[in-house]
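If you want the building blocks of each chain, they are given just below.
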Amino acid sequence: VTTKNRIALWDNLKVILMMLVVITHSVNIYQLDGDYWIQFLWIPIMTFTMPAFMMISGYWYKERTFTYSIVHYLYPCILFSIVNYLIGSLAGAYPTLLEMANNIPLKSGWAMWYIWALFIYAIITPLLLRVMGGVNNLLMCVFIIVFICGFWFIPNHFFDAQRVLNFYPFYLLGIKIKKEMNERIIERDSTTQRKWMCVFLSCIIMYIVLTMKFPGFCYGTGFMSSHGFSILGLVSRWLNYLLCIIMSWSVIMIVPKYNTWFTQYGKRTMNVYMLHMAVIFILSFYMCRPVKHEWYAYIICIFVTPSICSLLFSKKIDQVMSKVLNLPYLFINKNDQ
């Protein structure tokens, strides 16, 4: 279903994934402090969300100018990394501003790695597609590189290097989906949706079993570190890849492809992505972390904070963000897109 050049399926998917990301970051204090139970909440809300987001980004890939990439990816990444570092340091999520001044961070602010990765992908993908002769060859090459770099690679605190590399296959899979599997998405019926729902739930159950057997297994979907020469680490990495790919495709095949009450918010998803951590730092990290095991802290983190973050989908916020994000066009040629 298309409304004014927008496709309902993708808008629905972005809104659902965005709210799952918000909930994940809102309860992140329990994961960071090592609470065992949070792994099992993590499984249905975060294992597949960022891989699926990357697939969506790849699906909408289009070769752009370098100026476009700077304005739409690098500029907001830098701007909201600064915002997140400032608010996060005051909320206790980061070292103090003085400590950071003495040891300048070499990575993007909380959650901004995704936009930084999109900037890198926008620059390298057109060239690599031409050199490799298409997405299939490039995807195979990248998987080989990811496999090799699994044994040793630059640490993630250096410009989010691990995530930029390890999420690139999902981005390329999105391009592949657009080129080769788009008809399956368009023509799917309710029977197909039910089948993929069963597949999705089976993956959830498998994640639960694996996490019970190997605590922390589900956090591997962050793809933030190499496994070295650990056989268990190698198997864990590629099992996570397999499950994330299957679950991401399952979600695409499950989400309604018709307009719903929340479809309209799909075009404002990036506003929420860039702003949600500012709210979460204040409510979850500053207010709730000191009392995180009180009953009201659970309610605030799981329900109240995500509800407040949902207000970031509003038109008023969108109007303000449009002005902020268009500031670079005051200094460059607006037609250079």
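As a reminder, the structure under discussion sits directly above these lines.
Residues numbered from 1 in each chain as written. Predicted model: local features only at pLDDT ≥ 70, side-chain atom pairs only at ≥ 80, totals over all residues. Heavy atoms only, no water.

## Here's the deal with the pattern of salt bridges
Side chains bearing opposite charge may pair, as long as their charged atoms lie close to each other. To be explicit about the condition: Any carboxyl oxygen of Asp or Glu within 4 Å of a side-chain nitrogen of Lys or Arg constitutes a salt bridge here. In DSSP terms, a helix is any run of H or I states spanning at least four residues, a strand is any run of E spanning at least two, and both are numbered starting from the N terminus. Each residue gets one of three labels from its accessible area relative to the maximum for its type: buried under 20%, exposed over 50%, partly exposed in between, using a 1.4 Å probe on protein chains only.
Counted according to the given criterion, the structure contains seven salt bridges. Between Arg-130 and Glu-63 there is a salt bridge, with the nearest N and O atoms lying 3.3 Å from each other. Here Glu-63 lies in the loop between helix H4 (49-59) and helix H5 (66-91) and Arg-130 lies in helix H7 (residues 113-132), a separation of 67 residues in the sequence. On the accessibility criterion, Arg-130 (54% relative accessible area) is exposed. What makes Glu-63 partly exposed here is its relative accessible area of 47%. Because the salt bridges share partners, they merge into one network encompassing Asp-33, Asp-35, Arg-289 and Lys-292.

## Re the state of the cysteines
For clarity, the cut-off: The disulfide criterion used throughout: a pair of cysteine sulfur atoms within 2.5 Å.
Applying the stated rule across the entire model yields zero disulfides. No disulfide involves Cys-77; its sulfur sits 19 Å from the nearest other cysteine sulfur, which is in Cys-309. Exposure remark for Cys-77: the relative accessible area of 4% places this residue in the buried category. For Cys-198, which is in no disulfide, the shortest distance to another cysteine sulfur is to Cys-203 and amounts to 11 Å.

## So, the packing of H5 against helix H15 (residues 315-325)
Worth spelling out the cut-off: Note on method: axes are straight lines fitted to C-alpha atoms, helices fitted across the in-contact stretch only, with angles between N-to-C directions ranging 0 to 180 degrees. Angles are sorted into four bins: roughly parallel if under 35 degrees, roughly antiparallel if over 145, roughly perpendicular if 65 to 115, and oblique for all others. Residue contacts are defined here by distance: any two heavy atoms, one from each residue, within 4.5 Å place the two residues in contact. Here the nonpolar group is Ala, Val, Leu, Ile, Met, Phe, Trp, Tyr, Cys and Pro; Asp, Glu, Lys and Arg are the charged ones; every other residue, Gly included, is treated as polar.
For the pair H5 and H15, interaxial distance at closest approach is 11 Å and the crossing angle is 105 degrees. The angle between H5 and H15 falls in the class roughly perpendicular. Counting all contacts with H5, which are made through Val-71, Tyr-75, Pro-76, Leu-79 and Phe-80, the residues of H15 involved are Met-321, Val-324 and Leu-325. Class assignment of the residues belonging to the contact of H5 with H15 gives a composition of eight nonpolar, no polar and no charged.

## A word on unusual backbone geometry
A positive phi angle, near 55 degrees, is found at Asp-160, a position not held by glycine. Inspection of the secondary structure assignment puts Asp-160 in the loop between helix H8 (135-149) and helix H9 (161-166). Positive phi is not limited to glycine here, since Phe-223 has a value of about 45 degrees.

## Let's talk about the side chain of Lys-176
Considering the arrangement of structural elements, one finds Lys-176 in helix H10 (residues 168-187). Residue classification places Lys-176 among the buried residues on the basis of a relative accessible area of 16%. The contacts of Lys-176, once residues within four sequence positions are left out, are Val-135, Asn-136, Leu-139 and Met-181.

## Some details on the packing of aromatic side chains
Basically, it comes down to this: Side-chain rings of Phe, Tyr and Trp (the six-membered ring for Trp) are treated as a pair once their centres are within 6.5 Å; stacked means planes under 30 degrees apart, edge-to-face means over 60, and tilted covers the remaining angles.
Taken as a whole and judged by the stated rule, the model has 45 aromatic pairs. Ring centres of Trp-110 and Phe-285 lie 5.2 Å apart, and the angle between their planes is 70 degrees; on these two criteria the pair is classed as edge-to-face. Taken together, the residues Trp-110 in the loop between helix H6 (97-102) and H7 and Phe-285 in helix H13 (residues 269-288) connect sequence positions 175 residues apart. Judged by centre distance (6.2 Å) and plane angle (45 degrees), the rings of Phe-147 and Trp-238 are tilted. One end of the pair, Phe-147, is in helix H8; the other, Trp-238, is in helix H12 (residues 231-254), and 91 residues separate them in sequence.

## Description of a nonpolar patch on the surface
Cut-off, in case you're wondering: Patches in this entry comprise residues that are over 30% relatively accessible and not in a salt bridge; like charges within 9 Å are linked, as are nonpolar side chains (Val, Leu, Ile, Met, Phe, Trp, Tyr) within 5 Å. With residues, only the protein chains shown are counted as cover, and all accessible areas are computed by Shrake-Rupley using a 1.4 Å probe.
A cluster of nonpolar residues, Trp-295, Tyr-296, Ile-299, Phe-303, Val-304, Ile-308 and Leu-311, forms a patch on the protein surface that exposes about 700 Å² of accessible area. Relative to the helices and strands, Phe-303 resides in helix H14 (residues 295-310). On the basis of relative accessibility, which here comes to 53%, the residue Phe-303 falls in the exposed class.

## Quick notes on helix H11 (residues 190-213)
Our working rule: To estimate how far a helix should extend, the number of its residues minus one is multiplied by 1.5 Å.
In this model, H11 (24 residues) spans 35 Å end to end at C-alpha, consistent with the 34 Å of a helix rising 1.5 Å per residue. For H11, the set of buried residues is Phe-200, Cys-203, Ile-204, Tyr-207, Leu-210 and Thr-211. Taken together, the buried residues of H11 touch helix H3 (38-46) and H12.

Function-wise, these values are silent; they only describe arrangement.
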